[in-house]
Amino acid sequence: MGSALALQLKQMHPDCRLIAFDNLKRRGSELNLPRLRAAGVEFVHGDIRNKEDFDALPPVEAIIEASAEPSVLAGLTSAPDYLINTNLSGTVNCLNYARRHDAAFIFLSTSRIYPINQIEQIHLLEADTRFELSAEQPFGGISPRGLAEDFPLEGYRSLYGATKLCSEYLIQEYHHFYKLRTAINRCGVLTGPWQMGKVDQGVVVLWVARHLWQQPLGYFGFGGTGKQVRDILHVDDLADLVNFQLQHLDLVNGKTLNVGGGRDISVSLQELTAMCQRVTGHVVPITSQVENRQTDIALYLSDATRVRELTGWQPKRSAEQIVTDVYRWLRENEAQLKPLLA
Ligand SMILES: NC(=O)c1ccc[n+]([C@@H]2O[C@H](COP(=O)([O-])OP(=O)(O)OC[C@H]3O[C@@H](n4cnc5c(N)ncnc54)[C@H](O)[C@@H]3O)[C@@H](O)[C@H]2O)c1
């Protein structure tokens, strides 16, 4: 997401100096370096866990914090140190860097800050190809539009979700007490070309790639029929929002906003399979496993009413368009991507 945002912003503002700061931990992230260089985005190799690494950076006007260990399974079967040191201590280092230069701070947070135990209380209906939200719900913050920012926060949410929520809390403190200008975007599933999709993160890319290269997939949990639902958002739609926020910080300053495709731009796995079949022309075997995996949830839809009312922003790219864009990117860069993603 970080490199895609940098490239989009450079295109929108050719005279701006943009710096991408990354430790290249994510396999495949190095493929972005020639693209960034060609577009005139500077690259600094650094690690947000090390505050000394920020010394190599000049004063800046704004920071988009998009570096993370982004897997919801991170730390569950291995040590949580990298996750916590990056997603929490790393955020603090980024905040201190922002504070030093009075830079605006835009944070990519996640829908995963909402607790699993509360999401499990949501009333669902089972339709032909997906779960749907029922009109009657047990508490506030949830409606047929999706989860809103006042959804209950008490409970457990994954170590990943917890590190992001703790970061959100610190950002709010820096906003209030240090007068840092901040915006928190709580994103549903983000995707698009150049996302290095893998089994535990980047499901849309994974699904399209497996169809393109004719490899098997699996429906895990919730009866094993692939009815679990997520909203999805094209990274270019996210770039439109971040660009607006940078230019109208007064409108979003100090705000926490749910950002996602909502019901209109959402898919169940079954529906994603059908789209992938249409776009790639391939049908692949899909196994079925009835039992849920740790941290799985049946449905997440962002109720993005607040961000829409504040900014007028609405995503423009449909689910089908997202799948088509990802497919084209995989086809056009097959030699480079197949060894990584297949
Ligand atoms: N992709 C999604 O569906 C999604 C959804 C909601 C929120 N988010 C958030 O969006 C942001 C971007 O996610 P993404 O999907 O682009 O993930 P990604 O893994 O593709 O990108 C994260 C980048 O951070 C870098 N990184 C990791 N540890 C680092 C460290 N210690 N120092 C410096 N760089 C480091 C990685 O090399 C990688 O390039 C994350 O904050 C994530 O929590 C993503």
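In what follows, the structure referred to is the one given above.
Just so we're clear, the structure is a prediction, and the values are computed from it rather than from any experiment.

A look at the packing of helix 9 (residues 269-280) against helix 11 (residues 319-332)
Point 1. Viewed as axis vectors pointing N to C, helix 9 and helix 11 meet at an angle of 50°, and their least axial separation amounts to 10 Å. Here helix 9 lies oblique to helix 11, going by the angle between them. Both helix 9 and helix 11 take part in a crossing whose hand is right-handed. Facing helix 9, whose interface residues are Leu-272, Met-275, Cys-276, Arg-278, Val-279 and Thr-280, helix 11 presents Ala-319, Glu-320, Val-323, Thr-324 and Tyr-327.

Re the sheet that holds strand 4 (residues 104-110)
Point 1. A sheet is described by the order of its strands in space; here four strands give the open sequence 3-4-9-13, paired in parallel fashion. The open sheet has two free edges, formed respectively by strand 3 (62-65) and strand 13 (255-259), since each of these has just one partner strand. The average angle at which neighbouring strand axes cross in this sheet is 15°, direction not considered.

Focus on the pairing of strand 4
Point 1. Most of strand 4 sits out of view: seven of its seven residues are buried.
Point 2. Residues Ala-104, Ile-106, Leu-108 and Thr-110 of strand 4 are buried on one face, and the alternating residues Phe-105, Phe-107 and Ser-109, pointing to the opposite face, are buried as well.
Point 3. Taken together, strand 3, helix 3 (residues 81-101) and strand 4 constitute a β-α-β crossover, and its handedness is right-handed.
Point 4. Relative to strand 9 (residues 182-187), strand 4 runs parallel, the two sharing six bridges. Each bridged residue has a counterpart across the sheet, and for Ser-109 the counterpart in strand 9 is Arg-186.

As for the nonpolar core
Point 1. Met-196, Trp-207, Val-208, Trp-329, Leu-330, Leu-337 and Leu-341 are the most contacted members of the largest nonpolar core, which totals 32 residues.
Point 2. Residues in contact with Val-208, not counting those within four places in the same chain, are Cys-276, Thr-280, Val-323, Val-326, Tyr-327 and Leu-330.
Point 3. Counting residues in hydrophobic clusters, the runner-up holds 27 residues, among them Ala-104, Ala-304, Val-307 and Trp-313.

Observations concerning the side chain of Asp-47
Point 1. Its place among the elements puts Asp-47 in the loop between strand 2 (42-45) and strand 3.
Point 2. Leaving out residues up to four positions away in the same chain, Asp-47 has contacts with Phe-21, Asn-23, Asp-53 and Phe-54.

Description of the site of the ligand
Point 1. Around the ligand, the surrounding shell holds 28 residues, and the nearest of these are Asp-22, Arg-26, Tyr-82, Tyr-160 and Lys-164.
Point 2. Contact distances for the ligand include 2.7 Å between a nitrogen atom and a side-chain N or O atom of Tyr-82.
Point 3. For the ligand, whose accessible area on its own is 820 Å², the fraction buried by protein is 93%.
Point 4. The set of elements that each furnish at least two residues to the shell around the ligand consists of helix 3, strand 4, helix 5 (159-178) and strand 10 (189-191).

Considerations on the packing of aromatic side chains
Point 1. Scanning the entire structure with this criterion turns up eight aromatic pairs.
Point 2. Taken together, a centroid distance of 5.5 Å and an interplanar angle of 75° make the contact between Phe-139 and Phe-151 edge-to-face. Taken together, the residues span a long stretch of sequence, with Phe-139 in the loop between strand 6 (131-133) and strand 7 (142-143) and Phe-151 in the loop between strand 8 (146-147) and helix 5 at a distance of twelve residues.
Point 3. For Phe-151, a relative accessible area of 2% gives the class buried.
Point 4. When the centroid spacing of 5.6 Å and the interplanar angle of 55° are considered together, the rings of Trp-194 and Trp-329 count as tilted. Of the two residues, Trp-194 is situated in the loop between strand 10 and helix 6 (203-212) and Trp-329 in helix 11; the sequence distance between them amounts to 135 residues.
Point 5. Following the ring pairs from residue to residue traces out a cluster consisting of Tyr-114, Phe-139, Phe-151 and Tyr-300.
Point 6. A cation over an aromatic ring shows up here: Lys-25 above the ring of Tyr-82, its NZ or CZ 4.3 Å from the ring centre.
Point 7. The cationic tip of Arg-99 hangs over the ring face of Tyr-178; the distance from NZ or CZ to the ring centre is 3.4 Å.

Analysis parameters
- Residues numbered from 1 in each chain as written.
- Predicted model: local features only at pLDDT ≥ 70, side-chain atom pairs only at ≥ 80, totals over all residues.
- Heavy atoms only, no water.
- Axes fitted to C-alpha atoms, helices over the stretch in contact; angles between N-to-C directions.
- Helix = DSSP H or I, 4+ residues; strand = E, 2+ residues; numbered from the N terminus.
- Parallel < 35°, antiparallel > 145°, perpendicular 65-115°, else oblique.
- Left-handed = near helix turned anticlockwise from the far one by under 90°.
- Contact = heavy atoms within 4.5 Å.
- Pairing = 2+ DSSP bridges.
- Buried < 20%, exposed > 50% of the residue type's maximum accessible area, 1.4 Å probe, protein only.
- Right-handed = clockwise from strand over helix to strand, strands pointing away.
- Core = buried A, V, L, I, M, F, W, Y, C linked by side-chain atoms within 4.5 Å.
- Near = heavy atom within 4 Å.
- Polar contact = N/O pair within 3.5 Å; in protein donor to acceptor, adjacent residues only side chain to side chain.
- Areas by Shrake-Rupley, 256 points an atom, 1.4 Å probe, with all protein chains shown as cover.
- Phe/Tyr/Trp six-rings, centres within 6.5 Å; stacked < 30°, edge-to-face > 60°.
- Lys NZ or Arg CZ within 6 Å of the ring centre and 35° of its normal.

Everything listed is a geometric property; what it means functionally is a separate question.
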